[in-house]
Amino acid sequence: MFVSYLILTLLYSQTTVLARPGGESIGCDDYLGSDKVVDKCGICGGDNTACKVVSGVFKHTLTNLGYHKIVEIPEGATKINITEMSKSNNYLALRSRSGRSIINGNWAIDRPGRYEGGGTMFTYKRPNEISSTAGESFLADGPTNEILDVYMIHQQPNPGIHYEYIIPGANIISSQLPAHRRPGEPFNGQLEVPDSTNEEDEDLQRETDTNPEQSAGTFPVIQPGRFPSHQPENQVPAVHPPRRNRDYNWKQIGTTECTTTCGKGSQYPIFRCVNRITHEEVSESYCDTSTKPTPEETACNTFPCPAFWDIGEWSECSKTCGLGMQHRQVLCRQIYANRTLTVQLFRCHHLEKPETTSTCQLKICSEWQIRTEWTSCSVPCGVGQRTRDVKCVSNLGDIVDDEECNMKLRPSDIENCDMGPCAKSWFLTEWSDRCSAECGDGIRTRSVVCMTNHVSSLPLEGCGNNQPSETTPCNNGPCAGKVEWFAGSWSQCSIECGSGTQQREVICVRKTEGSFGVLNPYECSFLERPASQQSCYLKPCGAKWFNTEWSTCSKSCEGGFRVREVRCLSDDMMPSNQCDPHFKPEEKELCNSQDCIPEIDENCKDKYYNCNVVVQARLCVYTYYKTACCASCRRGWRAVFEICLLEICSLIPIPEDVTLPVLPTSDVESDTEDPSPPSLHTN
């Protein structure tokens, strides 16, 4: 073993002298002053005849969308270049002959990067779509170990695909190791890696004991670490260093640690000055610094790092409430040459793949709840409204804003109700302000008059026997020991006739037997404070305006109107024309301007396409057509109501199941059957 080491050291010392001259170039054969270069076939000193360059342009016009084969790359191909001639919406794809997808397979577009396939590493490039006009490309050094097929995913006119690769020729002379190269030294950019240290030691031992034979007519086979017995013709004689340094030379004593544990790192040789005989390390001043080899970077730990799952961030939940879905991207990746590459999924088969989809729920959705039953109709006759309480309730039972619930599913909280036609209406005034008694029980009053309507279609109450009360009870509390507001006498009216104002003092007092005590107003704060100002009327100045209450709105949404009757009455409640028209109250106003929420009755649909004919022929009064063309008939009745709301429509027959404001019930029965109704064609 020591003899092998000694021979290797001596050989390397001589090689160092040959390979490190002062300014002369070194050829690809590692000889000083050699002008040999590597040809396109990868042969040192070759003449480009040992291989064949295959190139061309695929310009076929394609019509069908999808994958189209462009070219076949044979086994053993090197210097592979597949490039799209200009930018397009097409994509290049690569697949092995066995059917395994390498790049852009199965209609999935991969990101630019490095992808392993066919025994080599392909670089997939997709230039920036904004700043570049170049197309996509596949590049690989090779050689390939199987046949590969290149495809184009056709989506728009083909701009042309240039392809080029090199294949070995018929007569190939394998490049030999330079005679003076040491084992493990880089050759043409490649580093030999011995199988094991023990085998290398054994080979060196055999080389020391035996001389290998060489057959005639062949290139001399030089064993690693050995020089030929003769000096090559182009070999430059060794330049001897100064006498003082001939006993010392530079020796590689090892290498630096690899920069990475996997995925291709770098390391450099370490050179020291040693005694040529004893191999003892000495100061560098004993060696010629001009002959010290320059440390060259060599690759190490070139095996890829173990693949791992690269997990992306979860997407937003597909729903803001309730059960939804969220997604994330999971890629199989490896680190090589300080780059993270996306690789085939099978490389991560030893790891459990993380989930790419997951259920999510930000919160439980709120829902509509009907809290009360329908109220009674707002009017005793005519068309009124009834209501119910509909609330949006959260999953915790709290009442929240309506926006938290689906507005399209909101149940109706108001609807019209028809209590029959009205002939007369009650006209009312407001309740009086003062109770008839200062303390104890008393009453407040108002005026009530039954008068015939001038507009018969107004949805007003009928007089009948249900006359509104003219009095209502009131009680200002017990009279003895009571804390109350005491109001002084009213001042004179501010005007001589008509409506004016009066003032008075209001104080808080406590009433005891025979006396009153004035208190702080705070003591009476729980009581309603009497007005310190009121209107007054000394004598009539003329007639004044009276009005009924507002009718129900003509529409529940999208803008309707409501009306009331206004009359000018004298002091004896007789019609008069003496009222000031400028002070006449409005008789009509807009209402319910909000948008309608469509109400979909799943049981009311048209069964025929020509139901509009039934509406035009006024056949909706018959049960058969009313059922067969339910939706059209309902829309027809609503249209009739809107047209004749302010007209006399009592002669129009309206089915009982159609709820319309105002319109009176017809004498025609809605369930009248036509003995032979016309047929509807469904063609």
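Residues numbered from 1 in each chain as written. Predicted model: local features only at pLDDT ≥ 70, side-chain atom pairs only at ≥ 80, totals over all residues. Heavy atoms only, no water.

Named according to an unreviewed UniProt entry, the protein is Thrombospondin type-1 domain-containing protein 4 originating from Alligator mississippiensis. What the UniProt record of the protein gives under Subcellular location (unreviewed entry) is the line "Secreted, Extracellular space, Extracellular matrix". (UniProt positions renumbered as here; feature names shortened; annotations may be inferred.)

When helices and strands are tallied, the protein shows five helices and 37 strands. Within the protein, the fraction of its 683 residues that count as buried is 33%. Long-range contacts, defined here as pairs at least 24 residues apart, represent 65% of the contacts in the protein between residues at least 6 apart. Surface summary for the protein: the accessible area is close to 42,900 Å², and the carbon and sulfur share equals 50%. (Helix = DSSP H or I, 4+ residues; strand = E, 2+ residues; numbered from the N terminus. Buried < 20%, exposed > 50% of the residue type's maximum accessible area, 1.4 Å probe, protein only. Contact = heavy atoms within 4.5 Å. Areas by Shrake-Rupley, 256 points an atom, 1.4 Å probe, with all protein chains shown as cover.)

Attention now goes to unusual backbone geometry. Put simply, Gly-142 and Pro-143 share a cis peptide bond, and its omega is -5 degrees. Mapped onto the fold, Pro-143 is located in the loop between β8 (137-140) and β9 (148-154). With phi around 70 degrees, Lys-264 is a residue other than glycine that occupies positive phi space. Positive phi, normally seen in glycine, also occurs at Asn-301, with a value near 45 degrees. Within the secondary structure layout, Asn-301 lies in the loop between β14 (298-300) and β15 (308-311).

In this section: the side chain of Gln-267. Inspection of the secondary structure assignment puts Gln-267 in strand β12 (residues 265-267). You can call Gln-267 buried: its relative accessible area is 18%. In terms of polar contacts, Gln-267 uses its side chain to reach the backbone carbonyl oxygen of Thr-256, at 3.1 Å. Apart from residues lying up to four places away in sequence, Gln-267 is in contact with Thr-255, Thr-256, Glu-257, Cys-258, Glu-296, Glu-297, Thr-298 and Cys-300. (Polar contact = N/O pair within 3.5 Å; in protein donor to acceptor, adjacent residues only side chain to side chain.)

Bringing the packing of aromatic side chains into the picture now. Under the defined criterion, the tally for this structure stands at four aromatic pairs. Arranged with centres 6.5 Å apart and planes meeting at 75 degrees, the rings of Tyr-67 and Tyr-151 form a pair that is edge-to-face. Note that Tyr-67 is positioned in strand β2 (residues 66-73) and Tyr-151 in strand β9, a separation of 84 residues in sequence. Tyr-67 sits in the partly exposed class, given a relative accessible area of 28%. The lysine or arginine in question, Lys-588, covers the ring of Phe-561, its NZ or CZ lying 4.2 Å from the ring centre. (Phe/Tyr/Trp six-rings, centres within 6.5 Å; stacked < 30°, edge-to-face > 60°. Lys NZ or Arg CZ within 6 Å of the ring centre and 35° of its normal.)

Formed by 24 residues in total, the largest nonpolar core has its most connected members in Ile-70, Ile-80, Ile-82, Leu-94, Ile-103, Phe-122 and Phe-138. Excluding residues that lie within four positions of it along the chain, Ile-82 makes contacts with Val-71, Ile-73, Leu-92, Glu-136, Ser-137, Phe-138, Val-150, Ile-161, His-162, Tyr-163 and Glu-164. Membership of the second largest hydrophobic core comes to 10 residues, among which are Leu-619, Cys-620, Cys-629 and Cys-633. (Core = buried A, V, L, I, M, F, W, Y, C linked by side-chain atoms within 4.5 Å.)

Applying the stated criterion to the full structure yields 16 disulfides. Covalently, Cys-258 is tied to Cys-300 through a disulfide, its sulfur atoms 2.0 Å apart. The sign of the S-S torsion, about 90 degrees, decides the handedness of the disulfide formed by Cys-258 and Cys-300: right-handed. Note that Cys-258 is positioned in the loop between β11 (248-255) and β12 and Cys-300 in strand β14, a separation of 42 residues in sequence. With a relative accessible area of 7%, Cys-300 lands in the buried category. (Disulfide = S-S within 2.5 Å.)

The next thing to look at is the sheet that holds strand β32 (residues 515-519). Spatially, three strands are ordered β29-β31-β32 in an open sheet, and the strand pairing comes out antiparallel. The open sheet terminates on both sides in strands that have one partner only, identified here as β29 (483-487) and β32. Taken over all neighbouring pairs, the strand axes of this sheet differ in orientation by 50 degrees on average, direction set aside. Bridging between strand β31 (residues 506-512) and β32 involves five bridges; their strand directions are antiparallel. (Pairing = 2+ DSSP bridges. Axes fitted to C-alpha atoms, helices over the stretch in contact; angles between N-to-C directions.)

With the rule as written, the count across this model stands at 17 salt bridges. Its salt-bridge partner being Glu-116, residue Arg-347 comes within 2.4 Å of it at the nearest N-O pair. One end of the pair, Arg-347, is in the loop between β18 (339-342) and β19 (357-360); the other, Glu-116, is in strand β6 (residues 113-117), with 231 residues separating them in the sequence. For Arg-347, a relative accessible area of 26% corresponds to the partly exposed category. For Glu-116, a relative accessible area of 38% translates into the label partly exposed. One salt bridge connects Arg-126 with Glu-136, and the closest N-O pair in it is separated by 3.1 Å. Taken together, the positions of Arg-126 in the loop between β7 (120-125) and β8 and Glu-136 in the loop between β7 and β8 put the pair 10 residues apart, joining distant regions of the chain. When its relative accessible area of 26% is taken as the criterion, Arg-126 is described as partly exposed. Relative accessible area serves as the criterion here: at 3%, Glu-136 is assigned to the buried category. One salt-bridge network, held together by shared partners, links Lys-69, Glu-72, Arg-97 and Asp-149. (Salt bridge = Lys/Arg side-chain N within 4 Å of Asp/Glu carboxyl O.)

Take Thr-340: it is sitting in strand β18. Here Thr-340 falls in the partly exposed class, since its relative accessible area comes to 38%. In the structure, Thr-340 is positioned 227 residues away from Gly-113 in sequence and 8.8 Å away in space, judged by C-alpha atoms. Setting aside residues no more than four positions away along its own chain, Thr-340 makes contact with Phe-308, Arg-333, Gln-334 and Ile-335.

The subject of this paragraph is the pairing of β31. Of the strand pairs in this sheet, β29 and β31 are connected by five bridges, and their pairing is antiparallel. Each bridged residue has a counterpart across the sheet, and for Val-483 the counterpart in β31 is Arg-510.

Turning our eyes to something else, we now look at the environment of Tyr-286. Here Tyr-286 lies in the loop between β13 (269-275) and β14. On a C-alpha basis, the gap between Tyr-286 and Trp-250 in space is 9.7 Å, while along the polypeptide they are 36 residues apart.

We now examine the sheet that holds strand β23 (residues 399-400). The strand order across the open sheet built from three strands is β20-β22-β23, with neighbouring strands paired in antiparallel fashion. One side of each edge strand has no neighbouring strand; the edge strands of this open sheet are β20 (367-370) and β23.

As for its placement among the helices and strands, Gln-326 is situated in strand β16 (residues 324-327). Look at Gln-326 and you get buried, because its relative accessible area is 16%. Only 3.1 Å separates the side chain of Gln-326 from the backbone oxygen of Ser-315, close enough to count as a polar contact.

With 73% of its residues at a pLDDT of 70 or more, the protein shows a mean pLDDT of 75. The model gives residues 1-23 a pLDDT under 50, and that stretch makes 42 contacts with residues more than four places away or in other chains. Low pLDDT (under 50) marks residues 171-244, which in the prediction has 88 contacts with non-local residues, meaning those over four places away or in another chain. (pLDDT = per-residue confidence, 0-100.)

For Gln-534, the position within the fold is in strand β33 (residues 533-537). Since its relative accessible area comes to 24%, Gln-534 is described here as partly exposed. Between the C-alpha atoms of Gln-534 and Arg-504, which are 30 residues apart in sequence, the distance is 8.8 Å. For Gln-534, the contacting residues outside a window of four places in its chain are Trp-490, Gly-500, Thr-501 and Gln-502.

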